[in-house]
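Structural description and commentary
Residues per chain are reported as follows:
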Amino acid sequence: MQEPENNETVFNENSDSEATLHNPSFKALRQKSYQFRPVLICLEGPHRGMRYYLQKCDNIIGRGNNADIHLDDVMISRQHARIVWHNIDSPGTRPRCVVEDLGSRNGTELNGAPLECPTELREHDRLLLGATVLGFFLRDADELELDRTLYELATKDALTGLDNRHQFNALLRHNLERARRYGHRIVLLLIDADHFKKVNDTYGHDVGDLALKHLAQIVATSCRTTEVCARWGGEEFTILAQESDAEGAIVLAERIRSRVVANPLEWNGVKIPLSVSIGVTVLKADDTPEEAFHRADHSLLMAKELGRNRIVIEGQPYGLDETATFTKRPPAQSQD
């Protein structure tokens, strides 16, 4: 039997001895191991670490919302490339997948060379679309589950399911670099649950965890699919809003603030009121992540000082509401 090239998964149905083939345990294992599925893993780009499992014969990759594999990369066309899984109906054979460019604006590269015609993919091939690098791999059911578990552990917050701090930092750095290159606008929101210690002290930490999950759901469902939500730590959340400005950030922040107030946590027949304070900053082209968070945190602290349950953007309070109680000083001016 030939040695595998480039660590490829080898499919050779004639390589086993007669005795081995009649071993029931081995036959079951071999049958199981043949159930391979093609998967694309994002190696570089805004979705780094994401796994995209091919689910059907014809798979469109692009920036459009109707793409089978949606990549939020402005250098990628809405329908950028296609991968056709030709023998999807033959699970006992090596998946045969062919990739082709769909006349995209910036083209597609395969292993560093322009993709000029439909080409069959080999395991470990690299596809470059815009600023995104996708690796092509074959995985069986156990490997798929392990991949998914490892990815979740590395990038997701265990309690809320939002991105974790490490993943958010990576995405922030990537988007800052893209903003420097292409002049895109980015807004950062830092959100903190008000008086959260009181919730823990009154109802216990188990209810506190329920409150955090409740807040995370409100934050996530208030955002667009292109906006990145993460649990920053403790009772703090953060959002990266791409292609947004100060006005758009205010709309998003107010949507979150008002929804939290309007939807208290319900537990054992008790409605537990919640509120959040939000600090907002519009990122500059020469910002570092540390500088951006420093400004957002400054605005968040001001929102806390001004009574909580409010929004401060770039050190300027936005709006007032009937639940506000100023602890130090009222804002210099407000708008309805």
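The numbers attached to residues start from 1 for each chain and follow its sequence in the written order. Totals for whole chains, interfaces and linings use every residue, but because this is a predicted model, local features are given only for residues with pLDDT of at least 70 and side-chain atom pairs only at 80 or more, for both listing and counting. For the side-chain quantities, the full set of heavy atoms in the structure was used; hydrogens and water were omitted.

**Describing the overall build of the protein chain**
- In this description a helix means any DSSP run of H or I spanning at least four residues, a strand means any run of E spanning at least two, and both kinds are numbered starting from the N terminus. A count of helices and strands for the protein chain gives eight helices and 19 strands.
- To sort residues, take the accessible area from a 1.4 Å probe on protein chains only and compare it with the maximum for the residue type: under 20% means buried, over 50% means exposed, and anything in between is partly exposed. The buried share of the protein chain, taken over its 336 residues, is 45%.
- Restricting to contacts in the protein chain with at least 6 residues of sequence separation, those with at least 24 account for 56%.
- Surface exposure of the protein chain reaches about 17600 Å², of which carbon and sulfur atoms provide 49%. A contact between two residues is defined here by any heavy atoms of the two lying within 4.5 Å. In this description, accessible areas are obtained by the Shrake-Rupley approach with a 1.4 Å probe, and a residue is regarded as covered only by the protein chains that are shown.

**A look at the pairing of strand 12 (residues 186-193)**
- Judged by how many residues are buried, strand 12 sits mostly within the fold: eight of eight residues are covered.
- Both faces of strand 12 are covered, namely the face carrying Ile 186, Leu 188, Leu 190 and Asp 192 and the face carrying Val 187, Leu 189, Ile 191 and Ala 193.
- Criterion used throughout: strands pair if DSSP finds at least two bridges between them. Relative to strand 14 (residues 236-242), strand 12 is paired through seven bridges, and the arrangement is antiparallel. Residue pairing for strand 14: Asp 192 is matched across the bridge by Glu 236.

**Quick notes on the side chain of Glu 227**
- Along the chain, Glu 227 falls in the loop between helix 6 (205-221) and strand 13 (228-233).
- Here a polar contact is recorded for every N or O atom pair within 3.5 Å, except that within protein the pair must consist of a potential hydrogen donor and a potential acceptor, and residues adjacent in sequence are included only if both atoms are side-chain atoms. For Glu 227, the side chain forms a polar contact with the main-chain nitrogen of Arg 224, separated by 2.9 Å.
- Other than its neighbours up to four places away in sequence, Glu 227 contacts Ile 239, Leu 240, Ala 241 and Leu 252.

**Section: the sheet that holds strand 9 (residues 119-120)**
- The strand order across the open sheet formed by five strands is 4-3-5-6-9, and the pairing between neighbours is mixed. The sheet terminates laterally at strand 4 (69-70) and strand 9, the two strands that pair on one side only.
- Bridge count between strand 3 (residues 58-62) and strand 4: two bridges; the pairing is parallel. Looking at strand 4, one finds that Ile 61 is bridged to Ile 69.

**Remarks on the confidence of the model for the protein chain**
- Overall, the predicted model of the protein chain reaches an average pLDDT of 84, with 83% of residues at or above 70.
- The predictor attaches a confidence to each residue, called pLDDT, with possible values from 0 through 100. Segment residues 13-17: pLDDT under 50, and seven contacts once partners within four positions in sequence are set aside and those in other chains are kept.
- Low pLDDT (under 50) marks residues 322-336, which in the prediction has 27 contacts with non-local residues, meaning those over four places away or in another chain.

**Remarks on the packing of aromatic side chains**
- Geometry of aromatic contacts follows a simple scheme: Phe, Tyr and Trp rings, the Trp one being its six-membered ring, pair when their centres are within 6.5 Å, and the pair is stacked under 30 degrees between planes, edge-to-face over 60, tilted otherwise. In this structure the tally under the stated criterion is four aromatic pairs.
- With 6.2 Å between their ring centres and 70 degrees between their planes, Phe 168 and Phe 293 make a pair best called edge-to-face. Placement of the pair is Phe 168 in helix 4 (residues 165-182) and Phe 293 in helix 8 (residues 289-305), with a sequence separation of 125 residues.
- Put simply, the rings of Phe 168, Trp 232 and Phe 293 touch in pairs and so form one group of aromatic residues.
- Consider the ring centre and the ring normal. A charge sits over the ring if Lys NZ or Arg CZ is within 6 Å of that centre and within 35 degrees of that normal. In this arrangement the basic side chain of Arg 165 is found over the ring face of Trp 232, its NZ or CZ atom lying 4.0 Å from the centre.

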